[in-house]
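Close look at the chain arrangement
Chain residues, written in single-letter form:
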Amino acid sequence: MVVVMKERVSTEQVERVIAHLVELGMDVHRSTGAARVVLGVVGSGKVDPRLIELMEGVHEVLRITEPYKLASRTFKPEDTVFQVGDVRVGGDEVIVIAGPCSAENEAQVDTTTAAVKRAGAKMLRGGAFKPRSSPYSFQGLGEEGLRLLHAAANTHDLRLVTEVMDISQIEVIDRYADVFQVGARNMQNFTLLRELGRTRKPVLLKRGISATVEEWLLSAEYVLAGGNTQVVLCERGIRTFETATRNTLDISAIPIVKQLSHLPVFVDPSHGTGRRDKVAPMARAAVAAGADGLLIEVHCDPDHAMSDGAQSLYPAQFDRLMAELRIIAPAIGRSICLEPIARRGWAR
Ligand code: PEP
Ligand code: MN
């Protein structure tokens, strides 16, 4: 931390600030320039920069280390890479997670799962417990939805990612899924994050609707601090003044977070745009910008989907997007599932 004193500060004011910092367990290195006194503050004491800024004679306090530790690249310089079954997350390969917004019935889950597998997805996504803005909207099938997703993931040999909204759901979801998804609305549900820190399954942590990068990384810190080192950060768009898209997908967050943190960064262009015609361009941009993976909503019949139909890709659109990503990924030194299981026509 650096404390910059005001221009015409008195010696007593400087000494009072130094004495207070020393009392808090910090070492203070003073340097006196032509115009200002600057204090370099290091140590393991607990200091609230805002309280120091309120002291007489202080102009401003600048933090030079991040408030999160385990999530930071300073603490762990090498990328975090881990296995979810046979899928390597955070490595050279760009991992695509795809599937419906919600599990609706057996045929819908199975048809969609077969389609995303064929196109090259490595994991299945699908909600059984849905965080809907309106209490009157479809809330998900609950455990029955987990059963359908689990069965389809097994049949088509995909790992399963599904959302956990509450501590009470951890146990049942743990029985069916490979990765816990924490939704945007729960990014700062600290009790849920702490509890997931005690599990040993990966957590895909979506960025909150109005969260800064720092707040997002502090939320990841909650999971890491519990001893669960397998966290994936997922950019899914933030709320801005722009109304042309459902959210504003922050592509710049990818290189920023990858510099600040060693954790894998995924991107969800479906919730990021809210419109299926904008999903592929944003997915391509995300891979080009260095995303480690994508989370994409695909539905076998999006026009009749029970949630998020407008942003769900038709299977043929997803197939085409995967083919495009196979061209983009190698251009930036990444790989992506090379061979689609079967090539189909690119209708729509
Ligand atoms: C979802 O993935 O279906 C979802 C609800 O996402 P988010 O939390 O990003 O809105
Ligand atoms: Mn959705």
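This text follows the structure it describes.
Everything in this summary refers to the structure shown in the same document.

What counts and what doesn't
Residues numbered from 1 in each chain as written. Chains lettered and ligands numbered in written order. Predicted model: local features only at pLDDT ≥ 70, side-chain atom pairs only at ≥ 80, totals over all residues. Heavy atoms only, no water. Near = heavy atom within 4 Å. Polar contact = N/O pair within 3.5 Å; in protein donor to acceptor, adjacent residues only side chain to side chain. Areas by Shrake-Rupley, 256 points an atom, 1.4 Å probe, with all protein chains shown as cover. 1 Å grid on protein atoms, 1.4 Å probe; cavity = no way out; pocket = protein on both sides within 12 Å on 5 of 7 lines; lining within 4 Å. Sits in = over half its atoms within 2 Å of the grid points. Points joined across faces, edges and corners; volume = space filled by probe spheres on them. Nonpolar A, V, L, I, M, F, W, Y, C, P; charged D, E, K, R; others polar. Helix = DSSP H or I, 4+ residues; strand = E, 2+ residues; numbered from the N terminus. Buried < 20%, exposed > 50% of the residue type's maximum accessible area, 1.4 Å probe, protein only. Contact = heavy atoms within 4.5 Å. Salt bridge = Lys/Arg side-chain N within 4 Å of Asp/Glu carboxyl O. Phe/Tyr/Trp six-rings, centres within 6.5 Å; stacked < 30°, edge-to-face > 60°. Axes fitted to C-alpha atoms, helices over the stretch in contact; angles between N-to-C directions. Parallel < 35°, antiparallel > 145°, perpendicular 65-115°, else oblique. Left-handed = near helix turned anticlockwise from the far one by under 90°. Core = buried A, V, L, I, M, F, W, Y, C linked by side-chain atoms within 4.5 Å. Pairing = 2+ DSSP bridges.

**A word on the site of ligand 1**
Taken together, 13 residues are adjacent to ligand 1, and R125, K130, A184, K206 and R236 come closest. At a separation of 2.9 Å, an oxygen atom of ligand 1 approaches a polar side-chain atom of Q181. A distance of 3.3 Å is found between an oxygen atom of ligand 1 and a side-chain nitrogen or oxygen belonging to H271. Summarising the interface, the protein chains cover 97% of the accessible area of ligand 1, which totals 300 Å² for the free molecule. With respect to the pocket detection grid, ligand 1 is positioned in the second largest pocket.

**As for empty space enclosed by the protein**
Considering all chains together, one arrives at two cavities of 30 Å³ or more under this definition. Reported here for the largest cavity is a volume of approximately 50 Å³. Lining the largest cavity are F82, V84, V89, I97, M123, V161, V179, P202, L204, V232 and F266. Here the residues of the lining of the largest cavity sort into eleven nonpolar, no polar and no charged. Of the pockets and cavities examined, the second largest cavity occupies roughly 40 Å³. In terms of lining residues, the second largest cavity is bounded by C101, R125, G126, G127, F129, K130, T162, E163 and Q181.

**Observations regarding the environment of P302**
Mapped onto the elements, P302 comes out in the loop between β14 (293-297) and α11 (315-331). Relative accessible area serves as the criterion here: at 3%, P302 is assigned to the buried category. The spacing of P302 and K122 is 180 residues in sequence and 21 Å in space, taken between C-alpha atoms. Non-local contacts of P302, meaning those with residues more than four positions away in its chain, are made with R276, G309, S312, L313 and Y314.

**Quick look at the pattern of salt bridges**
Oppositely charged side chains can form a pair if their charged atoms are brought close together. Evaluated as defined, the whole model comprises 25 salt bridges. R147 is the salt-bridge partner of E144, the closest N and O atoms lying 3.2 Å from each other. Remark: R147 and E144 occur in helix α4 (residues 143-155); sequence separation between them is three residues, near one turn of the helix. For R147, a relative accessible area of 42% translates into the label partly exposed. In this structure, the salt-bridge partner of R320 is E324, at a minimum N-O distance of 3.8 Å. In this pair, R320 and E324 both sit in helix α11, four residues apart, roughly one turn of the helix. Connected through salt bridges with shared partners, the residues D86, D157, R159 and D178 form a single ionic network.

**Description of the packing of aromatic side chains**
Applying the stated criterion across every chain, the model contains one aromatic pair. Geometrically, the ring pair formed by F190 and Y222 is stacked, given 4.5 Å between the ring centres and 20 degrees between the ring planes. Note that F190 is positioned in helix α6 (residues 190-197) and Y222 in helix α7 (residues 213-225), a separation of 32 residues in sequence.

**Let's talk about the side chain of H271**
Relative to the assigned elements, H271 resides in helix α9 (residues 269-273). With relative accessibility at 8%, the residue H271 sits in the buried group. There is a polar contact of 3.2 Å between the side chain of H271 and the side chain of E297.

**A look at the packing of α7 against helix α8 (residues 253-260)**
Between α7 and α8, the least distance of the axes is 11 Å, while the angle of their chain directions is 50 degrees. Here α7 is positioned oblique relative to α8, judged by the angle of their axes. The hand of the α7/α8 crossing is right-handed. Where α7 approaches α8, its residues V213, W216 and L217 are matched on the opposing element by A253, I256, V257 and L260. When grouped by side-chain class, the residues that make up the contact of α7 with α8 number seven nonpolar, no polar and no charged.

**What to know about the nonpolar core**
Ranked by size, the top nonpolar core spans 66 residues in total, and within it L205, L294, I296 and F318 carry the most contacts. Top contributing element to this core by residue count: α7, with six residues. Ignoring anything within four residues of it in the chain, the contact list for F318 reads V96, A98, V116, A119, A121, I296, V298 and L313.

**Details of the environment of S137**
With respect to the element layout, S137 can be found in the loop between β8 (123-125) and α4. A sequence separation of 88 residues divides S137 from A225, and the C-alpha atoms of the two residues are 35 Å apart.

**Examining the pairing of strand β3 (residues 37-42)**
Here β3 shows a buried face lined by V37, L39 and V41 and an unburied face lined by V38, G40 and V42. One ladder, built from three bridges, connects strand β1 (residues 2-5) with β3; its direction is antiparallel. What sits directly across from V4, in β3, is V38. Pairing of strand β2 (residues 27-32) with β3 involves six bridges; the strand directions are antiparallel. Paired with H29 across the strands is G40, a residue of β3.

**As for the sheet that holds strand β4 (residues 58-62)**
The strand order across the open sheet built from four strands is β2-β3-β1-β4, with neighbouring strands paired in antiparallel fashion. At either margin of the open sheet sits one strand with a lone partner, and together these are β2 and β4. Taking each pair of neighbouring strands and ignoring which way they run, the sheet shows an average axis angle of 20 degrees. Contacts from helix α1 (residues 11-23) reach β1, β2, β3 and β4, with the element oriented near 160 degrees to β2.

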